[in-house]
Amino acid sequence: MKLVVQGGTPLKGRVRISGAKNSSLVLIAASAISSGEVILDNVPRIADVKTQLEIVRVLGGQVVWEGRNTLRLKWPERLNREIPYSLAKKIRASNLFLGALAAKRGQVKIPLPGGCNIGSRPMDLHLKGLSMLGFDVSLEHGFIEAVPKKVEGCTIYLDFPSVGATENIMMAAAGASGTTVIENAAKEPEIVDLANFLNAMGAKVRGAGTDLIRIDGTQEFHGTRFSVIPDRIEAGTYMIAAGVSGGEVTVENVIVKHLQPVIAKLQDVGLEVEVNEDKVTVRRVGELTATDIKTLPYPGFPTDLQSPMMVLLALAKGTSVIVENVFENRFQVADELKRMGAKIQVKGHTAVIEGVEYLSGAQVKASDLRAGASLLLAGFAARGETEISVAELITRGYEAVVGKFSAMGAKIKALADEGDGLGICAGLSGHEEDRDDDQTGCASS
Ligand code: EPZ
């Protein structure tokens, strides 16, 4: 699918932020631990959630959408224990079923999810945690197999505060006997959301949000109803779009604390930011000035907003430096931005950006979810028309993205590309409830 954007229109208006992709994906997996029905509210209708639900069904879970953003999940006593590679390769978060199924003390076999172009994304920390908990972990023919031996709580130190490894170990430990302590744990808001969800099902998790998490294992997990936190990365993307397009955007239904790193950086660049309970307004009042960014685990600046910030800094007067400390290869969007006139020098983990007066529309290609979103932002600022191919990558993580931006004045058209899947464009407009019929919802190219 392609998105065609006419540049030069400052975005003006309000946008309601959806539930967090990176919380929804782990909570859907964690629901497998429950013996009762689980209802999840505020789940975004995005492609990655759709894929995660396909895995739920393959494992034997039943799941239905209720209304626009509520999921009703029910798992049988005996689950299938293997995820096919054809599904796992579509989504890294398939690896989160490892910890969820391990919590049920059963054997687990999942394909090693491939790397993607932001990095090799190994799973050594996940596997270290499971083997320390008493699983026999093997890696053969591209599959990880974890067979429970004596599953007992222990103290696990993470060399890096990996989000996924922390989540998998939390879930596996929730079903182990005894107490597990995770040291140097990830502190992201999505970790806290998972801990609250596990506790709502009967687990005993303490310390989430700090680097030391304590889990007292149990085998009693009941059903619950739980609402997913708002998506801080989606919110940050729309806030940065206000600066890039020279307009004024209010993001609603956010948790301001989760946005502190972004708010601070937007103020450094010279944007006006107004906070009001669960709303944040960002407006461009004058020139953008260069600043430096270092991505870090939470509460540092989030790596998922590094590419969108690159677009803003490409238009900021002076020289900015971005250091990407979380992934080893997350500057892919720089080459596409250079085709639009940006001045960016990438060397290893560092990108040096020389601000330019304007970007010009061009034909560009999305390489990953956040790079795709960044090209959309660049298209809003550019002179002329920008055509973004492989734009379906954007629907992986941004609910109703065309509908939300168009409502703020953006001029965007979704065009089918050869080989598009069904319903791929409908997901952009926010009317995907009726998406399952055979129209793609795209304008003909
Ligand atoms: C989660 O990925 C998010 N995905 C990512 O969001 C996010 O960028 C990332 O956390 C960092 O915040 C989901 O939650 C589904 P990590 P995850 O394990 O868990 C290395 C997006 O755009 N590492 O914290 O895979 C790894 O290579 C996506 O929404 C190991 O070395 O991230 C990376 O360099 C992209 N060994 C670093 O840690 C391991 O065993 C951070 O990875 C695990 C990770």
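Parameters and conventions
- Residues numbered from 1 in each chain as written.
- Predicted model: local features only at pLDDT ≥ 70, side-chain atom pairs only at ≥ 80, totals over all residues.
- Heavy atoms only, no water.
- Helix = DSSP H or I, 4+ residues; strand = E, 2+ residues; numbered from the N terminus.
- Buried < 20%, exposed > 50% of the residue type's maximum accessible area, 1.4 Å probe, protein only.
- Contact = heavy atoms within 4.5 Å.
- Areas by Shrake-Rupley, 256 points an atom, 1.4 Å probe, with all protein chains shown as cover.
- Near = heavy atom within 4 Å.
- Polar contact = N/O pair within 3.5 Å; in protein donor to acceptor, adjacent residues only side chain to side chain.
- Salt bridge = Lys/Arg side-chain N within 4 Å of Asp/Glu carboxyl O.
- Expected span 1.5 Å × (residues − 1).

**Focus on the overall build of the protein**
Along the protein, the regular secondary structure elements total 14 helices and 23 strands. Its C-alpha atoms give the protein principal-axis dimensions of roughly 65 × 45 × 45 Å. Burial statistics for the protein: of 445 residues in total, 58% are counted as buried. The contacts in the protein between residues at least 6 apart in sequence include a share of 72% that link residues at least 24 apart. Roughly 16700 Å² of accessible area belongs to the protein as shown, and the carbon and sulfur atoms make up 49% of that amount.

**Things to note about the site of the ligand**
Every one of the 21 residues lining the ligand counts as a neighbour, but Asp124, Leu125, Ser162, Asp304 and Val326 are closest to it. Within the backbone of Leu125, an N or O atom sits 2.7 Å from an oxygen atom of the ligand. The separation between an oxygen atom of the ligand and a polar main-chain atom of Val163 is 2.8 Å. Within the complex, 88% of the 830 Å² of free accessible area of the ligand lies under protein.

**Describing the pattern of salt bridges**
The tally for this structure, following the rule as stated, stands at 25 salt bridges. Glu272 is the partner of Arg283 in a salt bridge, and the nearest nitrogen-oxygen pair spans 2.7 Å. Note that Arg283 is positioned in strand β16 (residues 279–283) and Glu272 in strand β15 (residues 272–276), a separation of 11 residues in sequence. Classification of Arg283 as buried rests on a relative accessible area of 17%. What emerges from the salt-bridge pattern is a single network uniting Glu248, Glu272, Glu274 and Arg283.

**With respect to the environment of Val285**
In this fold, Val285 is placed in the loop between β16 and β17 (293–295). In this structure, the C-alpha to C-alpha distance between Val285 and Arg225, residues 60 residues apart in sequence, is 43 Å. In contact with Val285, not counting residues within four places along its chain, are Gly270 and Glu272.

**Thoughts on helix α6 (residues 163–174)**
The periodicity of an α-helix, 3.6 residues per turn, causes residues three or four places apart in sequence to face the same way. Between its terminal C-alpha atoms α6 stretches 17 Å, which fits the 16 Å expected from 12 residues at 1.5 Å a residue. Of all 12 residues in α6, 11 are buried; the element is thus mostly enclosed. Of all the positions in α6, only Gly164, Ala165, Thr166, Glu167, Asn168, Ile169, Met170, Met171, Ala172, Ala173 and Ala174 are classed as buried. If you check the start of α6, you find a side-chain oxygen 2.9 Å away from the backbone N of Ala165, and it comes from Ser162.

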